[in-house]
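Structural characterization, general
One-letter residues, chain by chain:
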Amino acid sequence: SFTAAEPVVLLIDEIDKADLEFPNDLLAELDEMRFYIPETEEEILAQIQKCLQAFYRVELKYQVEDFMLTSSANKLQETLFIKQQGGVVEIGLFIAPGLLRRLKKNNPFVRLNRKNLQDFLLAVEGVSHFVYYLLKAQRAMPVTRLEMEIQAEEDKYLLTCLLFLGQGGKIPPF
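Everything numeric in this text was worked out from a predicted model, so none of it was measured. What you see as residue numbers is a count from 1 along each chain, following the sequence as written. Only residues with pLDDT of at least 70 are given local features in this predicted model, and only at 80 or more are side-chain atom pairs given and counted; all residues enter the totals for whole chains, interfaces and linings. The side-chain quantities take in all heavy atoms of the structure and omit both hydrogens and water.

A short note on the environment of Pro 97
Secondary structure counts use DSSP, requiring at least four H or I residues in a row for a helix and at least two E residues in a row for a strand, with both numbered from the N terminus. Mapped onto the fold, Pro 97 is located in helix H3 (residues 97-105). In the structure, Pro 97 is positioned 27 residues away from Thr 70 in sequence and 7.6 Å away in space, judged by C-alpha atoms.

This is how it looks when you write it as structure tokens:
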């Protein structure tokens, strides 16, 4: 409806029975002209990327979901693959499908808790590696694996704190 040539009317039935915050949340989504759909796990990764870019006030030309790999020969839950040959860099991020399904089922942006914390941290680590590597590449700066790991640890702490604050400021019992 955002790209429709003709005006579109959105009818929401029984909004008075929704959570108290729903009307404000709906207005925020309409203002951004996009909706979060929990059924697409890639959206969670996109939200992580958006949070990191907003916090660091940077823009990337690329979106993490465009670089997702569907399989990996290693046993890790999260891996950033980088292949440099000549002046060409190939990059891909693998996050285990089971981890993405669990995040889809128990979305940390809705409620971060003990059921999804570990998976959320692994997803943040992968997206952090992706963002950090691309930022360095855009600036034609070298990057080490150690730098990416340190940055990922900082980003995991940062996003976890921000989510807890945004979800009432209380750390749930673990």
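Digging into the confidence of the model for the protein
Confidence along the protein averages 80 in pLDDT terms, with 71% of residues attaining 70 or more. Each residue carries a pLDDT score, the predictor's own confidence in it, on a scale running from 0 to 100. In what follows, a contact means two residues having at least one pair of non-hydrogen atoms within 4.5 Å. Note on residues 33-41: pLDDT is under 50 here. Beyond four places in sequence and across chains, it has 19 contacts.

Comments concerning the pairing of strand E3 (residues 88-95)
In this sheet, E3 lies alongside strand E1 (residues 68-69) in parallel orientation, the contact comprising 2 bridges. Counted as the bridge partner of Leu 69 is Phe 94 from E3. Strand pairing is assigned whenever DSSP identifies at least 2 bridges connecting the two strands. Summarising the sheet, strand E2 (residues 78-85) and E3 pair through 8 bridges and their orientation is antiparallel. Paired with Ile 82 across the two strands is Ile 91, which belongs to E3. Taking the residues that link successive antiparallel strands as the turn, the E2-E3 hairpin has 2 residues, and the phi of Gly 86 there is positive, at about 65°.

Quick word on helix H5 (residues 145-166)
In a helix, the anticipated span is given by 1.5 Å times the number of residues less one. Compared with an ideal rise of 1.5 Å per residue, which puts 22 residues at 32 Å, H5 spans 31 Å between its outermost C-alpha atoms and is within 8% of the ideal. Turning to H5, its buried residues number three or more, namely Met 148, Gln 151, Ala 152, Asp 155, Lys 156, Leu 158, Leu 159, Thr 160, Leu 163 and Phe 164. Remark: Gly 168 follows H5 within two positions and exhibits a positive phi of approximately 105°. Only protein chains enter the calculation, and the probe is 1.4 Å; a residue is then buried if its accessible area is under 20% of its type maximum, exposed if over 50%, and partly exposed in between.

Re the pattern of salt bridges
Salt bridges are counted wherever a side-chain nitrogen of Lys or Arg sits within 4 Å of a carboxyl oxygen of Asp or Glu. Inspection of the entire model under this criterion finds 5 salt bridges. The residue Glu 153 makes a salt bridge to Lys 156 at a minimum N-O spacing of 2.9 Å. Remark: Lys 156 and Glu 153 occur in helix H5; sequence separation between them is 3 residues, near one turn of the helix. Residue classification places Glu 153 among the partly exposed residues on the basis of a relative accessible area of 44%. By sharing partners, the salt bridges in this structure join Glu 125, Glu 153 and Lys 156 into a single network.

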